[in-house]
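A look at the structure
So you can see what is in the structure, the chains are spelled out below.
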Amino acid sequence: MIRRPLLALSARAAAAALLLAACTGGSDGPTAAPSASADAASDGTTASTGERTPLTIGLTYVPDIQFSPFYLADSLGYYRDAGLDVTLRHHGANEGLFTAIEQGQEDVVVASGDEVLTERASGGTLTQVATLYDTSPVALIAPADGGITTAADLRGKTIGVPGEYGATYLGLLVLLDEAGLTPSDVTIQSIGYTQTTALLTGQVDAVMGYLNGDAVRIEAGGMAVTTLEPGSLVGVGIAVPDALLASDPDAVWAFVTATLQGVAAVEDDPEGAVEVAADGYIPGMTSQAKADALAVLEATIPLLSTTGETDPAEWDAMAQAMLAAGMITSVPDGGFTNP
């Protein structure tokens, strides 16, 4: 368990800060990563055909600043220069995370490690080819004066979770296990995505949420908080079907490399990233929305990875935690590979 001081953000900017998507076998995965395609010509097209490889990327739900690495990679021409013709596709609100990629409408999807592992354990064929966070943003959030400073202090407390699924629920189970506690030692209350209201109004003693979303909103609401971060979580990354990884690895790794260039560009100039997003990717951003988006990026940048690597030990620990929690019934082979 890691205790991290909450990043300082202006209350005005943080008040409407947007929540990043939830972050999200015991081996290094089925395929080693080659370098980006050697067939790419200087103008980004493939030398053999003169055409760029088309890829459709599933970014989930509505346009949001959380996807700024992809927006910058597209806007700054990193995908084009890598020989790719990339389409950024946002899912509909009622669309399943993996529906489009399973139906062949997408080639790449953004998902967290636990989501990819759940899909694979249920018979799917997705492999996470890059993890975009060095540190998962999932955390337990409690009032600073509430007497919760370690996971052991959770005994007898009521903890709000969106539901008994996903990265936030898994994070709670990991925290409890680290403290030698079980779910029966606490009261787990499903509250949907109302963490801010639930904690500010005292409905629960703590909530599971995200450092770069829920925590800043709660502090903006006037409550100082303590955050506890569980280990053994693999954050949001890039996943592709095994078939694509086998049939066109050059395109996959070219996409990963270009996206990581987008991550680096966000880190170098978050203000510029907000302007790019507002200019062509997130419609109708007001001055306040831009300030809110910048607050999200400032909270997110310390968590990001520019290598895309997944720690095998962390993946294995996540798998075992999911197995122990009954979130999967067996640990599948593979599941991730590194750039």
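Residues numbered from 1 in each chain as written. Predicted model: local features only at pLDDT ≥ 70, side-chain atom pairs only at ≥ 80, totals over all residues. Heavy atoms only, no water.

Bringing the pattern of salt bridges into the picture now. Under the counting rule described, the total for this entry stands at seven salt bridges. Between Arg 89 and Glu 106 there is a salt bridge, and its shortest N-O distance comes to 2.5 Å. Highlighted residues: Arg 89 in strand β3 (residues 84-89) and Glu 106 in the loop between α4 (99-102) and β4 (108-112), separated in sequence by 17 residues. Three or more residues joined by partner-sharing salt bridges are found here, namely Arg 89, Glu 95 and Glu 106. (Salt bridge = Lys/Arg side-chain N within 4 Å of Asp/Glu carboxyl O. Helix = DSSP H or I, 4+ residues; strand = E, 2+ residues; numbered from the N terminus.)

In space, the five strands of this open sheet follow the order β3-β2-β4-β11-β5, with mixed pairing throughout. Each edge of the open sheet carries a strand with a single partner, namely β3 and β5 (126-131). Taken pair by pair, the neighbouring strands of this sheet meet at an average axis angle of 35 degrees, ignoring direction. (Pairing = 2+ DSSP bridges. Axes fitted to C-alpha atoms, helices over the stretch in contact; angles between N-to-C directions.)

Any region with low pLDDT has predicted coordinates that should not be read closely. Taken residue by residue, the protein gives an average pLDDT of 85. The fraction at 70 or more is 85%. Confidence drops under a pLDDT of 50 for residues 1-49, and excluding neighbours within four residues, the segment shows 143 contacts in the predicted structure. (pLDDT = per-residue confidence, 0-100. Contact = heavy atoms within 4.5 Å.)

Judged by nonpolar contacts, the single largest core of 49 residues is most densely connected at Phe 70, Tyr 79, Leu 84, Val 129, Ile 238 and Phe 255. The greatest single-element share of this core, amounting to eleven residues, is contributed by helix α10 (residues 249-268). Discounting residues that sit within four places of it in the chain, Tyr 79 has contacts with Phe 70, Ala 73, Asp 74, Leu 84, Val 86, Phe 255, Ala 258 and Thr 259. (Core = buried A, V, L, I, M, F, W, Y, C linked by side-chain atoms within 4.5 Å. Buried < 20%, exposed > 50% of the residue type's maximum accessible area, 1.4 Å probe, protein only.)

A few words on the packing of helix α11 (residues 270-280) against helix α12 (residues 287-300). Where α11 meets α12, the axes come as close as 9 Å, and the angle between the chain directions of the two elements is 130 degrees. Here α11 lies oblique to α12, going by the angle between them. Between α11 and α12 the crossing geometry is right-handed. In this structure, α11 contributes Pro 270, Glu 271, Ala 273, Val 274, Glu 275 and Ala 278 to the contact, and α12 contributes Lys 290, Ala 293, Leu 294 and Leu 297. (Parallel < 35°, antiparallel > 145°, perpendicular 65-115°, else oblique. Left-handed = near helix turned anticlockwise from the far one by under 90°.)

Looking now at the pairing of strand β6 (residues 138-143). Within β6, six of the six residues are buried, leaving the element largely enclosed by the surrounding structure. With four bridges connecting them, β6 and strand β9 (residues 206-210) associate as antiparallel partners. Within β9, the position partnered with Val 138 by the bridge is Tyr 210. Bridge count for β6 against strand β10 (residues 225-229) is four bridges, and the pairing is antiparallel. Bridge pairing links Pro 143 to Val 225 in β10.

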